[in-house]
Amino acid sequence: MRRRIIDFHTHLGDIFHGNQNITFKAPRVYPPFPDPFEALSRDRYCRPLIAEDQAAQNVLIDAGQKRVWALGGLASTSQMLTGCGVDFAVSLPVLPNTSFEEALAASKLEPRLIPFTSADFTLPTAQMQEKLIQDIRLGARGLKLHPILQNVPLTDPRTFAAVEVFGQRGMPITAHCGINDYYKPDSPYRHLAPKEYGELSHMLSLIARYPDYILIPAHAGGDCGWEYESLAEAIHKHGWRNVYTDTSFKNAAVMRELATLFGADRLLFASDYPFDGVARSIEECEKAFVDQPDVADMVFCQNAARILRLDD
Ligand SMILES: [Zn+2]
């Protein structure tokens, strides 16, 4: 039988502050550029996604932006879904740069996209919540939080207010985890994206506050190379039963470990497209569970279908 795949972590459009509104435009074409994302994928995620010094970090930041402009539009995304045999992809907007409306419109043109929404923290809290409820009515299947790019920590009461809208409805909430610099030192946006907001401890506080909600620390807690063990330790220590995680930027060996540490029913296949080549992530996930077809099905598809209520 053909493999069914749901990618739980993709981005459409330009999620960065210099937003160039690219979703519905033709992809940009670039001459070859240094691309640490590509190199990491080629090397099968054998190292963390971190740069050794500022010069390397600048290269990583430039590559991330170019990948968005080249691959992050709807046309490229559709092509990727077909090329990689992905059945559905969760599309994660990040305000103030990309919105639910963009993801929703794209999902009408490309029904394989499953739109999530993003909290508009520029609104007063009650209005922000009302807007999220309206988004759910219109088709939002969950909430994406990006504490760094949104400049609102996961421990902020505004975050709690947004999270409660989804948690109370049993809907999934995924949050970026990991201490990442998205802007170069001379960027005017740098002060708007404090990387320390990606600290795993913030996510752990959020889970402790809402242990019954479906919370998904993305990238298994981060991509600096140590986070998933700490996350798993906290989950076991506190007996949290509802924490899921995604497999983005992880190789087969780590995916197997994640299934053991978090439970095979709590792991979601994910790529973080356009920052990663989806084909390689699929390959690694196939390899991870080659001798456990039931687990492969759960990770590739069933776990996501359950929390997204795709069969309802
Ligand atoms: Zn992401």
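Note that the coordinates shown come from a computational prediction; the quantities given were computed from them, not determined experimentally.

Undergrad: Mind showing me how you'd approach unusual backbone geometry here?
TA: Across residues other than glycine, the phi torsion is negative in most instances, and most of the peptide bonds are trans. In the segment running from L95 into P96, the intervening peptide bond is cis, with an omega of 10°. As for its position among the elements, P96 is in the loop between β2 (88–91) and α4 (100–109). With omega at 10°, the peptide bond leading from Y273 into P274 counts as cis. The topology assignment puts P274 in the loop between β9 (267–268) and α10 (278–288). Despite not being glycine, A220 shows a phi value in the positive range, around 55°.

Undergrad: What is the right way to look at the coordination of the zinc ion in this model?
TA: Each protein donor to the zinc ion is listed here as H9 (NE2), H11 (NE2) and D272 (OD); together their distances run 2.1 to 2.3 Å. Among the residues examined, H9 registers a relative accessible area of 1% and is labelled buried.

Undergrad: Is there a simple way to explain the side chain of D135 in this structure?
TA: As for its placement among the helices and strands, D135 is situated in helix α5 (residues 125–138). Given the relative accessible area of 0%, D135 is considered buried. A distance of 2.8 Å separates the side chain of D135 from the side chain of K131, its partner in a polar contact. Non-local contacts of D135, meaning those with residues more than four positions away in its chain, are made with F100, E101, T117 and A140.

The rules behind the values
- Residue positions are given per chain, counted from 1 along the sequence in the order it is written.
- Local features in this predicted model are restricted to residues of pLDDT 70 or higher, and side-chain atom pairs are both shown and tallied only at a pLDDT of 80 or more, whereas totals for entire chains, interfaces and linings draw on every residue.
- The basis for the side-chain values is all heavy atoms of the structure; hydrogens and waters are excluded.
- Per the convention used, a helix needs a DSSP run of H or I reaching at least four residues, while a strand needs a run of E reaching at least two, with both numbered from the N terminus.
- Metal sites are built from N, O and S donor atoms within 2.8 Å, or 3.2 Å for Na, K and Ca, and they leave out water, so they may look incomplete.
- Exposed residues in this analysis have more than 50% of their type's maximum accessible area, buried residues have under 20%, and partly exposed residues fall in between, with area computed by a 1.4 Å probe over protein chains only.
- Polar contacts here mean pairs of N or O atoms no more than 3.5 Å apart (in protein, one a potential hydrogen donor and the other a potential acceptor; neighbouring residues in sequence count only if both atoms are side-chain atoms).
- Every residue pair with non-hydrogen atoms within 4.5 Å of one another is taken to be in contact.

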